[in-house]
Structures are given as C-alpha cells and as structure tokens.
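Report on the structure
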Amino acid sequence: MNPRRYLRDDIDDLAHYAPVQPLEVLAAEIGVPVDQLVKLDANENLYGAPEAVREAAAAAPPHIYPDPDQTGLRGDIADYLGVRPENVVAGTGSDDLLDVVLRLTLPDATATATPTFGMYSFLSGIAGIRHIEVPRTAGYGLDLPGLRAAVADGAGVVFVASPNNPTGNAAGPEEIEALCALDALIVVDEAYAEFAGTSAIPLLDTHPNLVVMRTFSKWAGLAGLRVGYAVAHADLVEPMLAIKQPYNVNAAGDAAARAALAHRDELLATVRAIVAERDRLSEQVGALGWLDPYPSDANFVLFDVKAGDSGEIAAALRRRGVLVRRYDRPDLANKLRISAGRPQDTDRLLDALKEVAPR
Ligand SMILES: *Cc1c(COP(=O)(O)O)cnc(C)c1O
C-alpha cells in the first residue's frame, strides 16, 4: 500500500520553491572551505550581525517558551517605525506572515506582479488558492490596469514586493495608493526597505486595506534566526495575532531582533556600505561589457546577460566558489541576480567574471 494515496490530489502540481543549498553542502560539493565561498545568491548581509546581537540571541533562555503576544518585540518595532504596537505582528520571517494573511483571508484568488519573489505563488498553491500573475511592463513597472483586472477576476489579496525581488526597483507612493484604491487587501512586501530608504508605512493612516511586510533577514543580518513582521490596521493585526502559531517567533530570534533595533546605528552603517557596494557592483560588472545592470533600490542587482548563457555562467562562477542566482522562468531568461556584499566579495566576483567571460 502506497501511503501517498492519502495525500491531496494536487501534491505533484504544487510549484516547488527552490531554496538555496546549505553552505556546508555547497562547500563540500565545490571543494572549497565554507569561509572561502562568496555567497551572493540570497541577498544576505555578509557583514553579519553585530557581536551584541549574537550575544543577545545566545543569552535567551532555551527552556522557556517565548511570549506569544510578542509584547516587547512589537513595542520595539513600533518605536522604530513610529507606529503603535497594535499595528505590528511578528512572524517566523515575513514568509510566515504571508501565509498567515492567506489563512486569514482565504481569498478566491491572489495576484502579483511578475517576475517577483516566488513565495506568493508557492504559498497560494499550498493553500489551494488560485494565483494570478500579472506581468510587469517593460522596465519592470507595475501594470495597474492588469492588477485591477485581476482583482475584478477574484483576487482578494494582491502581493507587491517593493523594492521588487529580483528586479530591484521600488514602486512609487502614487502606485501604491492606486493599488490601495482597489477592493482587495494590498500586501506591500518591503523586505529591502532599509536599502531603499522609502516605505509605504505613512500610507497606513489613510489606507486600512494596506499591509506592509518587513523583515530582519536582509538589512539586520538575521536571515538564519527568522524574524519578520507585518504592519497594518489594528483590525487586521488583531486577527493575525489570534491565528498565528502562538510561539512563531522563537526566544533567540526575539532577543536578536530587539538587540538589532537597539544597535541599529551600527547595522544601518553596514546598510549604507552595502548600498555603496551595490552601486560599485552595477558599475564595475556593467563595465565588463557583457552584463547589463538594471537600476536597483535594494541590496542586489539584476543583470541581463548579453553574451553567453546565464546557467553556464552561474555554474562556472560556482566552480570558482562564487554563488549567484539564476532562474528557470521564461520572463527571467538569461538574467542573473547578484547580491551586494563587502568590497572583497565584489572583488572576488569581478576576478571570477573575468575568468569566465564568454569569448
Ligand atoms: C528575502 C525576501 C523575503 C523573506 O523574508 P523572511 O523574513 O526571511 O521570510 C520576503 N520578501 C522578499 C521580497 C524577499 O526577497
């Protein structure tokens, strides 16, 4: 008897989110030590978390359940953003809260502007919710009439990443306002807001159907501890708090996130260094002549590969210990996304690119 007969019928059709490989596995496969890898494939902060943040995480009591109301953490996030704690709910990364939004709303459909972050379609599929992809315009702008049509076609939740991953561009405040005029929950995913310096949070006062997602994974260097949060009208936050997994933010993550906010000056200095490095990355990789950068407001740059094949180039870089992100989607054919790291990471990337240059 095959136990798979008890599974849902569509299990084989669900889009498979392809997360990055663990570092040790990669290092063993490539045959280089972990500390020799140049990891520019997942938009992590390669400066890492400050010592005080790591100490705070290590000091969290492992035998005591964390606070399910997240009182201290929500208060600190509210102070950071200038909102009230009733407007904040934290999760096991923002991915957790994207899922909470779906389970809270159970819409007929969801919509997003593609190409974009894969979790919106992945989580919709797992929740059994139809997912509508509205292609972005040339230059990766939002197709507002297309998104309006998706809402008319049943999309009760619209996900827009700003800055968008992997294209790098942020939506303007007028575009977010136009989206909020639609009769749907508008989820603006601001995983990269600290790099962009812009946010839809000021629009929350006037647009109760807006949910802003944020995370400590990228700017604060806490991707491994999984802490994200949503900022929204209290009438949305209250039921999100009620249906989330009670202990979704673990004690170490809670302590680290609060310490990150307490040491934000130090972290924001690395954010500025990464933004400067992003600009150098665009310029110097672009100057090679066969990779064309798209403008970016985030901590990564999308490049159009003008000569050669993106898959072969990514594989050749990987053999040299340099990891970048490539895609299987037709709308990202021959594109590479490269994260901005420290100056030495860009230098290693540039050396490797010169070796693998198509001739
Ligand atoms: C990286 C990323 C996330 C993931 O955030 P977590 O808090 O680590 O779950 C969310 N949204 C976008 C657009 C991202 O690129």
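Residues numbered from 1 in each chain as written. Predicted model: local features only at pLDDT ≥ 70, side-chain atom pairs only at ≥ 80, totals over all residues. Heavy atoms only, no water.

**Observations regarding the layout of surface pockets**
- In this structure, the second largest pocket encloses a volume near 210 Å³.
- Lining the second largest pocket are 13 residues, with R84, N87, L204, D205 and A232 positioned closest to its centre.
- Looking at side-chain class alone, the lining of the second largest pocket contains eight nonpolar, three polar and two charged residues. (1 Å grid on protein atoms, 1.4 Å probe; cavity = no way out; pocket = protein on both sides within 12 Å on 5 of 7 lines; lining within 4 Å. Points joined across faces, edges and corners; volume = space filled by probe spheres on them. Nonpolar A, V, L, I, M, F, W, Y, C, P; charged D, E, K, R; others polar.)

**Brief notes about the site of the ligand**
- Around the ligand, 13 residues are found, and the nearest of them are D189, Y192, T215, S217 and K218.
- Taking D95, its main chain carries an N or O atom lying 3.1 Å from an oxygen atom of the ligand.
- Contacts to the ligand include D189, whose side-chain N or O atom sits 2.6 Å from a nitrogen atom.
- About the coverage of the ligand: the protein hides 94% of its 390 Å² of free accessible area.
- If you tally residues by element for the shell around the ligand, the top one is helix α4 (residues 93-105), at three residues.
- Among the residues making up the shell around the ligand, the classes are represented as four nonpolar, five polar and four charged. (Near = heavy atom within 4 Å. Polar contact = N/O pair within 3.5 Å; in protein donor to acceptor, adjacent residues only side chain to side chain. Areas by Shrake-Rupley, 256 points an atom, 1.4 Å probe, with all protein chains shown as cover. Helix = DSSP H or I, 4+ residues; strand = E, 2+ residues; numbered from the N terminus.)

**Remarks on the environment of Q36**
- If you trace the backbone, Q36 turns up in the loop between α1 (23-30) and β1 (38-39).
- In this structure Q36 touches G321 and R348, once residues within four positions along its chain are discounted. (Contact = heavy atoms within 4.5 Å.)

**A word on the packing of α4 against helix α5 (residues 119-126)**
- The geometry of α4 relative to α5 is characterised by a closest axis approach of 10 Å and an angle of 45° between their N-to-C directions. Between α4 and α5, the interaxial angle falls into the category oblique. In this structure, α4 crosses over α5, and the sense of that crossing is right-handed. Listed contacts from α5 to D95, L98, D99 and L102 of α4 are M119, Y120, L123 and S124. (Axes fitted to C-alpha atoms, helices over the stretch in contact; angles between N-to-C directions. Parallel < 35°, antiparallel > 145°, perpendicular 65-115°, else oblique. Left-handed = near helix turned anticlockwise from the far one by under 90°.)

**Concerning the packing of helix α3 (residues 71-81) against helix α10 (residues 251-262)**
- Close contact between α3 and α10 brings their axes to 10 Å; oriented N to C, the two are set at 25°. With respect to their mutual orientation, α3 and α10 come out roughly parallel. The handedness of the crossing between α3 and α10 comes out as left-handed. Contacts between α3 and α10 involve G72, L73, D76, I77 and Y80 from the former and D254, A257, R258 and L261 from the latter.
- A per-class count over the contact of α3 with α10 returns five nonpolar, one polar and three charged.

**Comments concerning the packing of aromatic side chains**
- Scanning the model with the defined rule gives eight aromatic pairs in all.
- Put simply, the rings of Y80, F216, W219 and Y229 touch in pairs and so form one group of aromatic residues.
- The lysine or arginine in question, R337, covers the ring of F300, its NZ or CZ lying 5.7 Å from the ring centre. (Phe/Tyr/Trp six-rings, centres within 6.5 Å; stacked < 30°, edge-to-face > 60°. Lys NZ or Arg CZ within 6 Å of the ring centre and 35° of its normal.)

**Here's the deal with the sheet that holds strand β5 (residues 155-161)**
- What the seven strands build is an open sheet, ordered β2-β8-β7-β6-β5-β3-β4; its pairing is mixed. What marks the edges here is a single partner per strand, and that holds for β2 (88-91) and β4 (130-135). The average undirected angle you get between the axes of adjacent strands in this sheet is 25°.
- Pairing of β2 with strand β8 (residues 228-232), which is carried by four bridges, proceeds in the antiparallel orientation. Paired with V89 across the bridge in β8 is A230. (Pairing = 2+ DSSP bridges.)

**A closer look at the nonpolar core**
- In this structure, L210, F216, W219, Y229, L317 and L349 are the most contacted members of the largest nonpolar core, which totals 81 residues.
- The dominant element in this core, judged by the number of residues it contributes, is helix α11 (residues 264-286), at six residues.
- In contact with L210, other than residues within four places in its own chain, are I176, C180, I186, V188, A200, L203, L204, V231, A232 and L236.
- Core analysis: the second largest hydrophobic core is formed by 23 residues, V157, F159, V211 and V237 among them. (Core = buried A, V, L, I, M, F, W, Y, C linked by side-chain atoms within 4.5 Å. Buried < 20%, exposed > 50% of the residue type's maximum accessible area, 1.4 Å probe, protein only.)

**Notes on the side chain of S162**
- Mapping S162 onto the fold places it in the loop between β5 and α7 (173-180).
- For S162, the side chain forms a polar contact with the main-chain nitrogen of A171, separated by 2.8 Å.
- Apart from residues no more than four positions distant in its own chain, S162 is found in contact with A170, A171, V188, D189 and E190.

**Regarding the side chain of N43**
- Examined against the element boundaries, N43 turns out to sit in the loop between β1 and α2 (51-59).
- Of note is the side chain of N43, whose polar atom sits 2.9 Å from the side chain of Y192.
- For N43, the contacting residues outside a window of four places in its chain are N165, Y192, K218, N299, F300, R337 and S339.

**Description of the pattern of salt bridges**
- Following the criterion strictly, the structure yields 24 salt bridges and no others.
- Note that R8 is salt-bridged to D10, the shortest N-O span being 2.7 Å.
- Since its relative accessible area comes to 35%, R8 is described here as partly exposed.
- The residue R326 makes a salt bridge to D328 at a minimum N-O spacing of 3.4 Å.
- On the accessibility criterion, R326 (36% relative accessible area) is partly exposed. (Salt bridge = Lys/Arg side-chain N within 4 Å of Asp/Glu carboxyl O.)

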